[in-house]
Amino acid sequence: MFLKGLPAQYACINPKCSGRRVTEEENLLGRIYTNPHTSCPECGSRVFELISHRTCGAAYLRAYHREGDSHGATFLWTNPENTHDLEEIHLLVEEPRDDPLSGEKRPLSQTTKSQKLDFSSGYLVDSWSIDEDNKSDHIDVWVPSDDPPEDEYPRSWTQCPNCGIEESWWQGRTKIQDLVTKGEEPFANIVRSMFDIQPADPNKNNLPNEGKKVLCFSDGRQKAARLARDLQGNVELDSFREVVADIFADYEGELSMDRFFAEFAVYCHQNNISFFDDRDEYSTQEGTVYSGSRTRFQKIRNSLSEISERYGLSSIDEIPNESFARKEISDRPKQFDEILLKSLGDEYYSIPASLIGYLRPTKDIIDGLTAINKGINEDLLRSITIEVLNHACEERAFDPEIDRYQRSSSLKYGFIRPNEQGVSFSNLVPEYVRETVSPELSSDQLQSLAKSFIQTELFSPVQEGSYVVNPESTTIEIAVDDDWYRCQGCHQFSIVSLDDHCPRENCNGTLESVSDDDIHLQARKGFLRDPPRKVANGDRDPFTLRSEEHSAQLSAKDESDAFSRSEVYELLFQDILVGDSDAEQPIDVLSCTTTMEVGIDIGSLTGVAMRTVPPGPENYEQRAGRAGRRGAGLSTIVTFADNSPHESHYFQHPGEMISADGSEPIIYSGNQKIAKRHINASFLARFFDPSEIEPVADVYQSLGTGEQFFAGDGTYSFPKFKDWIHLVLSDDSSTV
């Protein structure tokens, strides 16, 4: 199977284009192409690359104009064409929002500069310069007015006029981005799907994934190493949300967040799920200081039964409810803290952002807040509190026990300085929340509300003047089957309504209730929301996988080591546990370079995934041939192509890769060393009778052991081999 990520998208700018596939409704643009065109082959109108605002999905066009050419009619190029005096510009093609933002008197529809773009010529002109008869030959576009911070940056937007969300530049880019598939997450989801369809090995049901394996190939060591790291990380973040959904959805009563790790450890032990890796292991001259998060978590899992017996508990299920038992496993893996912070506060992949659930105060805390803030409507008080908790988690201000380095590691960009942990008292109720509810609540009421967060211990001090969410006072509410709110202004989703207004910063838009069958909700959130829902409803089980790199750089070993790291990984990939550590676990995905094409046997395998299209048919055959050995009935071989010319060509013509004849092999017969090896291999192949080898035998034992061959006296021993050599060489009729 050949799969391919989404390439760059190019749109004809004529809404009445005759090549449009769907024409029933009002059209924004014309036909979409996956290859660049200067003009539309169907209607002759100009074509530009279609890009989008990542946060709200608004449509933009990427075009180029001469630097300083902003007066009168401005010609736009589709691509820079190696011309150095062209500046990139992003044009909005959807109408800006027509309601004023918080604190503003005029809406963005009135303050954003609008111009007309000619279908056929690609000239950008002012509206007043077009005759009424010619207006139908143009579309409305909105152009950025601010200069970029650096000359090499594009002329783009830090505030999207369509949604009003304001963001900053990062490494020369804004959130206005192309539609090209990027990163390892799509490939990780492909590998995860391959695991779903693989049959389990009935003899390995004691292992986390019951013997399921996928071998991944990449052309280059850096790609293989990055894939091994990112693949496991992406799958674990998805699986963590699923485990959270399952734990909190099934819990009878109220599970506070201070007991969540113990519940998580018990759940993983009972469901045979492993998390984390040991990349964070570190040592000093005195020895190992931290053994790594995977090792730490595995040791905690292994200790649960002993802890239960020591304290006379009926089962490990009681550990989360007993403080003395929880204390035994309180030294959590560092990566648990990182993934927990991501799941609570990541902009795109957190539990609230995925519309799975949200952090809320426990019932006792809500009762305390209600008693103190009697003048605030209970529904509004609850909504403000949930939004306050959400804001704190976005700032990674959760749990005073979490180390600052773990807070920083949970961020995609940037880091948290020592004096930046937590939120200040003045920002406990963020300014945007204050502005949104100011018509309903006075400043004294808001100040009293902030104090009540400290009084009820909803927030705990983390350093002088700063506070973080107290885990003992919060829980997670699962809402995978609930209706959510969507803002009609910024188009973002929320679980709370602040007096019918959007809780987003500076938005103040009007909210509408949306159910699960809403097409916009499904398109933007369904992929993240549906798997945890299925787990919470008992329709699927969460799982994680362990992925490691296999390349030539890992083949070196010290004299004291029995195996190199690559050899250890090969054995673990075959579910052969090596070493004395009880925390060791099998490898499910081996991300390798061309070293795995030949010369190494990794046992029975039914899944091969190629991250890149191989250089030629012979390379494809070598890699694909890793699957389906030793009597495997059905194998899955997936090739993921990027948008390079080589990979795009073979994606369009897969037969040239799958079924084409490879180049003929060349043997340098003049090389005596190679000639001797081939002769020896030929003698050994003829000596051993293949009819006596079982078709499903392990490759390491199918011909017997080395000791049996060299020291034994059986049919296939070295003495018998020497006798056979003398016999066949003295026989004139022998084909040897």
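Keep in mind that this is a model prediction, so the values were computed, not measured.

## A short note on the overall build of the protein
Line of reasoning, step 1. On a plain count of helices and strands, the protein comes out with 20 helices and 26 strands.
Line of reasoning, step 2. With the principal axes as the frame, the protein shows a C-alpha extent of 105 × 75 × 50 Å.
Line of reasoning, step 3. Split into buried and exposed, the 736 residues of the protein put 48% on the buried side.
Line of reasoning, step 4. For the protein, contacts bridging at least 24 residues in sequence account for 67% of all contacts bridging at least 6.
Line of reasoning, step 5. With an accessible surface of roughly 37100 Å², the protein has 46% of that area assigned to carbon and sulfur atoms.
Line of reasoning, step 6. Charge centroids of the protein, computed over 73 positive and 125 negative side chains, lie 2 Å from each other.

## So, the sheet that holds strand S1 (residues 2-4)
Line of reasoning, step 1. Pairing in this open sheet of 6 strands is parallel, and the strands run S1-S26-S25-S12-S24-S23 from one edge to the other. If you trace the sheet from one side to the other, it starts and ends with S1 and strand S23 (547-550), each paired once. Averaged over neighbouring strand pairs, the angle between their axes works out to 20° when direction is ignored.
Line of reasoning, step 2. Relative to strand S24 (residues 589-592), S23 runs parallel, the two being bridged by 4 bridges. The residue of S24 that forms the bridge with Glu549 is Ser591.
Line of reasoning, step 3. Across the sheet, helix H3 (residues 221-250) touches strand S12 (214-217), S23 and S24, and the angle it forms with S23 is around 170°.
Line of reasoning, step 4. Across the sheet, helix H15 (residues 617-624) lies against S1, S12, strand S25 (607-610) and strand S26 (636-641), angled at about 145° from S25, the strand it touches most.

## What about the nonpolar core?
Line of reasoning, step 1. Counting residues in hydrophobic clusters, the biggest one holds 71 residues, and the most contacted among them are Phe260, Phe264, Phe398 and Phe459.
Line of reasoning, step 2. Of all the elements, helix H4 (residues 260-270) adds the most residues to this core, at 8 residues.
Line of reasoning, step 3. When residues no more than four places from it in sequence are discounted, the contact partners of Phe264 are Phe240, Val243, Ile247, Phe275, Phe276, Phe297 and Phe336.
Line of reasoning, step 4. Counting residues in each nonpolar core, the second largest holds 23 residues, with Tyr569, Leu571, Cys592 and Ala641 among its members.

## What about unusual backbone geometry?
Line of reasoning, step 1. Here the phi dihedral of Leu355 falls at roughly 60°; this positive angle occurs in a residue that is not glycine.
Line of reasoning, step 2. With respect to the secondary-structure elements, Leu355 resides in the loop between helix H7 (334-345) and strand S15 (357-361).
Line of reasoning, step 3. The exposure class of Leu355 is buried, given its relative accessible area of 1%.
Line of reasoning, step 4. With phi around 55°, Asp499 is a residue other than glycine that occupies positive phi space.

## Remarks on the sheet that holds strand S21 (residues 493-494)
Line of reasoning, step 1. Across the sheet, 3 strands lie side by side as S21-S20-S22; this open sheet has antiparallel pairing. At either margin of the open sheet sits one strand with a lone partner, and together these are S21 and strand S22 (511-514).
Line of reasoning, step 2. Note: strand S20 (residues 484-487) against S21, 2 bridges, orientation antiparallel. When the bridges of S21 are listed, Tyr485 appears paired with Ser494.

## Some remarks on the side chain of Asp575
Line of reasoning, step 1. Here Asp575 lies in the loop between helix H14 (565-573) and S24.
Line of reasoning, step 2. For Asp575, a relative accessible area of 15% corresponds to the buried category.
Line of reasoning, step 3. Those residues in contact with Asp575 that sit more than four places away from it in its chain are Lys204, Leu207, Gly211, Lys213 and Pro586.

## Observations concerning a negative patch on the surface
Line of reasoning, step 1. The grouping of Glu67, Glu150, Asp151 and Glu152 at the surface amounts to a negative patch.
Line of reasoning, step 2. Looking at where Glu152 falls in the secondary structure, it is placed in the loop between strand S10 (138-142) and strand S11 (176-177).
Line of reasoning, step 3. With a relative accessible area of 63%, Glu152 lands in the exposed category.

## Comments concerning the packing of H4 against helix H5 (residues 293-310)
Line of reasoning, step 1. Look at H4 against H5: their axes get within 10 Å of each other, and the N-to-C directions meet at 80°. Classified by the angle their axes make, H4 and H5 are roughly perpendicular. From H4, Phe261, Phe264, Ala265, Val266, Cys268 and His269 reach across to H5, where they touch Phe297, Ile300, Arg301, Leu304 and Ser305.
Line of reasoning, step 2. In terms of residue class, the contact of H4 with H5 is made up of 8 nonpolar, 2 polar and 1 charged.

## Comments concerning the pairing of S26
Line of reasoning, step 1. Relative to S26, S1 runs parallel, the two sharing 3 bridges. Residue Leu3 lies in a different strand from S26, and its bridge partner there is Phe640.
Line of reasoning, step 2. Bridge count for S25 against S26 is 4 bridges, and the pairing is parallel. Within S26, the position partnered with Gly607 by the bridge is Thr636.

Here is what the cut-offs are and how they apply
- Residues numbered from 1 in each chain as written.
- Predicted model: local features only at pLDDT ≥ 70, side-chain atom pairs only at ≥ 80, totals over all residues.
- Heavy atoms only, no water.
- Helix = DSSP H or I, 4+ residues; strand = E, 2+ residues; numbered from the N terminus.
- Buried < 20%, exposed > 50% of the residue type's maximum accessible area, 1.4 Å probe, protein only.
- Contact = heavy atoms within 4.5 Å.
- Areas by Shrake-Rupley, 256 points an atom, 1.4 Å probe, with all protein chains shown as cover.
- Lys, Arg positive; Asp, Glu negative; His and termini not counted.
- Charge placed at Lys NZ, Arg CZ, Asp CG, Glu CD.
- Pairing = 2+ DSSP bridges.
- Axes fitted to C-alpha atoms, helices over the stretch in contact; angles between N-to-C directions.
- Core = buried A, V, L, I, M, F, W, Y, C linked by side-chain atoms within 4.5 Å.
- Patch = residues over 30% accessible without salt bridge, like charges linked within 9 Å, V, L, I, M, F, W, Y side chains within 5 Å.
- Salt bridge = Lys/Arg side-chain N within 4 Å of Asp/Glu carboxyl O.
- Parallel < 35°, antiparallel > 145°, perpendicular 65-115°, else oblique.
- Nonpolar A, V, L, I, M, F, W, Y, C, P; charged D, E, K, R; others polar.

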